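# Observations on the model geometry
So you can see what is in the structure, the chains are spelled out below.
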Amino acid sequence: MTWDRLLRFGSGVQHLLRADLQGQRPWQCPMRKALPALALQRWQHSVPETLGCSWWLHNDHLELKYSDLVMRLDYVWLRDHCRSPSCYNTKTNQRSLDTAQVDLTIKPSEIRSDKDTIYITWPDKHMTKYGLSWLAKHSFEGQKDYVQPSVLWNAAIYKDAQMPYVTYNGLMDSVDELKKFLETFLLYGFSVVDEVPASIEATEAVALRIGIIRESIYGRMWDFTSDFSRGDTAYTKVALDRHVDTTYFQEPCGVQLFHCLRHDGTGGRTLLVDGFNAAENIRKENPDHFDVLTKVPIKHEYIENVADYHNHMIGVGPVLNIYPWNNELYMIRYNNYDRAVINTVPYDVVHQWYVAHRALTTELRKPENEIWVKLKPGKILFVDNWRVLHGREAFTGYRRLCGCYLTRDDVLNTARFLGIKV
Ligand SMILES: C[N+](C)(C)CCCC[C@H](N)C(=O)O
Ligand SMILES: O=C(O)CCC(=O)C(=O)O
Ligand SMILES: [Fe+2]
């Protein structure tokens, strides 16, 4: 790239730089000819070098070295993220700049830096200032390797972990306990609140301490027995294999709470399996299967015509959902009961999908990946419905379960308010 040049002049604590111009761009650098040829192809350093940054002005981006990080920053990006008062409202944390007004071929006309800051002057003389550590934190290169911390578990890891459980009073009265609860929940994908009064009201109060209830076709707070009042096997006594709920919503519910208010009978234990642990094992052992499960869109469906309930819900998405920038797994959509007709891909892909789905199912069904717990009055189980699968053993007798779904955004909002990075 012939544009990969620099012209440097000045020295001392701050360096001033003007980019070399080849005439193809609508900006001018009148000093160009006066500058020494020596300065070409040099990194620009702030002084002293070890503390500050160095940069290289390429044709189409700024390459910036700071600490050990090499960032490549697009010029429109640099203009768009300007935090000056005319571009960004720091009271509302909203952009005021109209990005559509930025010339897509924009380039800095001047750059200088000191120990902590880089100053960019644009052709219209507007100046943008970035803290170098702000750039390091917000650039693609500074972000891409970050994944949400989590403890992927199987039965043995869970046993050793000695997860801290919080009590109802602790959670309701102490912000530290609330934080401890959320940290545990975010690390493991499930958590328990103990010593809760065995009522819907207390369950709701706990839910509201954590987030906002997601009302759905099942209501706000739900409370059910095996009376088949709804068109779903959850409302019976049969065993339910591991699954996540509401795969037939375009955005499956983020969090689910279970509180067993009463059970007079046998069986009915709850099964938990870490879907991310299983998926990561597939990624390690057979990346092709993992890839298929992240790519093939699968429909799930809920069709109900029972009594006055008439519902038809459809949600579409791959079984494994990953962020495209770092391949981090963020959601598993796995429910073999509610999976709809596969008609989104041709037969050969269908077959690859079945093979991959079998591998994942085999992993999810390994006894060493299962935790079995008995829900009891007083214990609320919180499950991350984007990560941890639940199931249930068949049961006899009267069993009453209450709970609700929570909107994921609002649980994360509570966590962020408490200083948890998520
Ligand atoms: C939890 N609650 C009883 C309200 C609903 C159960 C929904 C069950 C459905 N098969 C699914 O997996 O989404
Ligand atoms: O009955 C249970 O323990 C859970 C049933 C179930 O999977 C659900 O309600 O989502
Ligand atoms: Fe369920």
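Residues numbered from 1 in each chain as written. Chains lettered and ligands numbered in written order. Predicted model: local features only at pLDDT ≥ 70, side-chain atom pairs only at ≥ 80, totals over all residues. Heavy atoms only, no water.

## A word on the nonpolar core
Most often, soluble globular proteins have nonpolar side chains that are buried together. Counting 27 residues, the largest nonpolar core has Phe 181, Leu 182, Val 193, Ile 210, Phe 382 and Leu 406 as the members making the most contacts within it. Elements represented by at least two residues in this core include exactly α5 (168-173), α6 (175-188), α7 (200-210), β17 (255-264), β24 (380-384), β26 (398-406) and α11 (408-417). With five residues, α6 is the single largest residue contributor to this core. Discounting residues that sit within four places of it in the chain, Phe 181 has contacts with Val 166, Leu 171, Ser 191, Val 192, Val 193, Ile 210 and Phe 382. (Core = buried A, V, L, I, M, F, W, Y, C linked by side-chain atoms within 4.5 Å. Buried < 20%, exposed > 50% of the residue type's maximum accessible area, 1.4 Å probe, protein only. Helix = DSSP H or I, 4+ residues; strand = E, 2+ residues; numbered from the N terminus. Contact = heavy atoms within 4.5 Å.)

## Examining the sheet that holds strand β3 (residues 44-45)
A sheet is described by the order of its strands in space; here four strands give the open sequence β3-β4-β5-β6, paired in antiparallel fashion. With one partner strand each, in any of the chains shown, β3 and β6 (69-74) form the two edges of the open sheet. Two elements, β3 and strand β4 (residues 53-57), share two bridges in a ladder whose sense is antiparallel. Bridging across to β4, His 45 finds its partner in Ser 54. (Pairing = 2+ DSSP bridges.)

## Things to note about the pattern of salt bridges
Counted according to the given criterion, the structure contains 19 salt bridges. A salt bridge links Lys 379 to Asp 194, with the shortest nitrogen-to-oxygen separation between them at 3.1 Å. With a gap of 185 residues between them, Lys 379 in the loop between β23 (370-373) and β24 and Asp 194 in strand β13 (residues 190-194) connect regions that are remote in the sequence. In this structure, Asp 291 engages Lys 295 in a salt bridge whose closest nitrogen and oxygen atoms are separated by 2.8 Å. On the criterion of helical spacing, the pair formed by Asp 291 and Lys 295 is a turn pair, its members being four residues apart in helix α9 (residues 287-295). Judged by relative accessible area, Lys 295 falls into the exposed class, the value being 55%. Connected through shared salt-bridge partners, Asp 241, Arg 242, Arg 365 and Glu 370 make up one network. (Salt bridge = Lys/Arg side-chain N within 4 Å of Asp/Glu carboxyl O.)

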